[in-house]
Each structure stands twice: as C-alpha cells, then as structure tokens.
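# Fold and geometry: a report
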Amino acid sequence: MQTGCIFDIKRFAIHDGPGIRTTVFFKGCPLSCRWCHNPEGINANDEIIYRENRCIHCDDCISVCSLQAITNRDGGKIINTEICDLCGKCVDICPSTALEFVGTNMTVSEVMGEIEKDTAFFDESGGGVTFSGGDPLLQFDFLRKILEQCRERKIHTTLDLSGYCPYESLENIQNLVTLFLFDLKVYDEEIHRQYTGVSNRLILSNLKKITKNENHVIVRIPVIPGVNDTEKEIDNISRYLSSLSNLREVHLLRHHNLGVSKYEQLSMPKFKIECFPEGKSDLKRIRTEMEKHGFTIKIGG
Ligand code: SF4
Ligand code: SF4
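Because the structure is predicted, anything quoted here is derived from the model rather than measured. (Residues numbered from 1 in each chain as written. Chains lettered and ligands numbered in written order. Predicted model: local features only at pLDDT ≥ 70, side-chain atom pairs only at ≥ 80, totals over all residues. Heavy atoms only, no water.)

### Comments concerning the overall build of the protein chain
Secondary structure assignment for the protein chain yields 11 helices and 13 strands. Radius of gyration (C-alpha) of the protein chain: 20 Å, near the 19 Å computed for a compact globule of 301 residues. Oriented by its inertia axes, the alpha-carbon framework of the protein chain measures out at about 60 × 45 × 35 Å. Within the protein chain, buried positions represent 49% of all 301 residues. Across the protein chain, contacts joining residues at least 24 apart in sequence account for 70% of those joining residues at least 6 apart. Summed over its atoms, the accessible surface of the protein chain is roughly 14400 Å², and 48% of this surface lies on carbon and sulfur atoms. (Helix = DSSP H or I, 4+ residues; strand = E, 2+ residues; numbered from the N terminus. Rg over C-alpha atoms; globule rule 2.2 N^0.38 Å. Buried < 20%, exposed > 50% of the residue type's maximum accessible area, 1.4 Å probe, protein only. Contact = heavy atoms within 4.5 Å. Areas by Shrake-Rupley, 256 points an atom, 1.4 Å probe, with all protein chains shown as cover.)

Rendered as structure tokens:
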C-alpha cells in the first residue's frame, strides 16, 4: 500500500486558502530557503527532533546510543546526523518525549480520514484542504491519489508549491487542484540561488505556463528584508508578473524568525538559516508599487 510522509496536519487554518481549512504538510522540499520557518519540511528523509524544554537531562539517550551519535552540547543534546542510523533507540527510551521522529508515514485513506473529519467546517465556511510542506509535489504519486479522492468527494483543494518541479507534474494534476498558491521568492537568479540553493528559471517558466491554462493561481511572496524588498527586486517581480496571463492576485507574506530554534532542534547545521530583521520591510509601500501594475495585493495570505 502506498504511503507518504506527512509531518503535520493543522486544523482550522485560515491563511492557506478560502474559508476554514485543514492543512496537510508533506515532508521534503527541493529548496532550502535561509528564512524557512518549517525546516522539518525540508528533508524528505526521516529525522529526529530534540526539544530542550521537555528534556529532564537523564542522559538515557546517550547511554543507549551504541554509535555515540548523540552527545551533550550547550546544556542540551545534539545528534551527529553523519553517524546516526536512525535506529530510534534514543526516541524509545526518552521518558519525556524530548526526542521524537519528525514525520509519519500515512496511507492515502489515513490522510483522507483526517481530512474528512472537517468537512462540516468546509461546507459551512467555503473552505477545504490545503496541501503544503515542504513541497507536496516531491511526493507526486501520493499527492495525486489524495487529490483524486478529494475531487470524488467534492472537497476544495489548494496546493501550496515552490514551483520547482517538472512542468509535466503540474499539467498532470491541474484539473484536480482548485487553487494554486504559487510561492515566488526572488526574481534575480543569482540572489535566488544564493538564498534558496537553486536557480529560479524553472520556477518562473512553470508559473508562466500554469497561469496560461485558466488555472486559479495566487502568487505568494515571502518578503525578506534586504533580499527581495529592494526597489529593483519589487520592480522586476512586478514586471515579470505583469507579463503573465490570468494572474490577478498577489499575497505579500510578512517575514518572521519563529522557525530559527527548530534548526538546532533538528541538528541541521548544513542548512544556512539566517535571522532577517522582522518588521523591516515596508509592505504598504510594496503593495502600493505592485498595485500600479493592476494586481489585487493582500498583505498576509
Ligand atoms: S537514533 Fe541515532 S542518536 Fe538515537 S540511538 Fe539511534 S543512532 Fe543513536
Ligand atoms: S533521554 Fe530524553 S529526557 Fe533524557 S537526556 Fe535524553 S532527551 Fe533528555
């Protein structure tokens, strides 16, 4: 039976599409944005999270690890992910759930079971289910099967995506997705590569194609101080978006640093998280600039 890796399911979400929504978070993302506030969604593989606030410092985890992969550091624990074989003994022995695996392998019917618990709220509010992550398209076959079942049950579906995927994948599922929330980070290719780890040419090309086909697409821009809030970037993004067919709505997402602590919890030194100053970007100025290009701009999403 096919399974997919889900790292969270949030109910009563109101920012990921219309109405009241259930948001299903898929594990694995092709980008590693330095401002990512869901770093547990980046790695497609299993990993262990350590929450220091739950730890009672019994050191049972250190004793049980035959590979000496978990050690003390700065008053907490750190796992050497180069050595750890994810045997799970430390997770099992931990008396306070300070150590836990991130992500659960679920079948399509298990995910549908979770979604269908909330259909009364969807019907009442015009809501539905949102697939987010990570990037759900990294688990394409699994996602498609869930989308098919949502279509059969007439559940509104929103797909939050990075756009970094073969266009054929988007083409294949476009008739099953009611709303695309398409993330656009940076227009300048080098800046995009520097802050996300990949070129944006495929993303820009996919966005152009997907908006041609009468799909309902909203572009979401996480506004990152000093990265994409400059006059030049906003102008370039606006001009590019103006060239697309059928794009009417853009959401500007305010940056926050709430995910920073998770990087340590996940022992993720290889990902270069950065703290960007919160509240520094003038979102109202950016909204005014972008409105000149004829878009409906919403702050928040
Ligand atoms: S999961 Fe990793 S850190 Fe934990 S006991 Fe096994 S090898 Fe050691
Ligand atoms: S077993 Fe759990 S509670 Fe004990 S030191 Fe390790 S992480 Fe902390």
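After presenting the structure, the write-up continues.
### Details of the sheet that holds strand β9 (residues 156-161)
One open sheet holds the nine strands; their spatial order is β7-β1-β2-β8-β9-β10-β11-β12-β13, and the pairing between them is mixed. Only two strands of the sheet have a single neighbouring strand rather than two, namely β7 (104-107) and β13 (296-299). Averaged over all adjacent pairs, the angle separating strand axes in this sheet is 30°, with direction ignored. Examined bridge by bridge, strand β1 (residues 3-13) and β7 share four bridges and lie antiparallel to one another. Bridge pairing in β7 links Thr3 to Thr107. Here helix α8 (residues 201-212) sits on the sheet in contact with β10 (179-183) and β11 (217-223), set at roughly 155° to β10. (Pairing = 2+ DSSP bridges. Axes fitted to C-alpha atoms, helices over the stretch in contact; angles between N-to-C directions.)

### Side note on helix α11 (residues 283-291)
Among the residues making up α11, those that are buried are Leu283, Ile286 and Met290. For α11, the arc enclosing every buried residue in end-on projection is 60°, short of the 170-degree limit, so these residues lie on one face. Residues of α11 that are buried make contact with β11, α9 (231-242), β12 (249-254) and β13. (Arc of directions from axis to C-beta.)

### Digging into the site of ligand 2
Lining the immediate surroundings of ligand 2 are 13 residues, of which Cys55, Cys58, Asp59, Cys61 and Cys94 lie closest. Looking at the shell around ligand 2 residue by residue, the class counts come to nine nonpolar, two polar and two charged. (Near = heavy atom within 4 Å. Nonpolar A, V, L, I, M, F, W, Y, C, P; charged D, E, K, R; others polar.)

### Some details on the packing of helix α3 (residues 108-116) against helix α5 (residues 140-152)
Between α3 and α5, the shortest axis-to-axis distance is 10 Å and the interhelical angle comes to 45°. If you check the angle between α3 and α5, you find them oblique. Handedness of the crossing formed by α3 with α5: right-handed. Where α3 approaches α5, its residues Val108, Val111, Met112 and Ile115 are matched on the opposing element by Phe142, Lys145, Ile146, Gln149 and Cys150. Split by residue class, the contact of α3 with α5 holds seven nonpolar, one polar and one charged. (Parallel < 35°, antiparallel > 145°, perpendicular 65-115°, else oblique. Left-handed = near helix turned anticlockwise from the far one by under 90°.)

### Topic: the site of ligand 1
Around ligand 1, the surrounding shell consists of Ile48, Cys65, Leu67, Ala69, Ile70, Cys84, Asp85, Leu86, Cys87, Gly88 and Cys90. Here the shell around ligand 1 is built from residues that sort into nine nonpolar, one polar and one charged.

Geometric descriptors of this kind do not, in isolation, establish any biological role.
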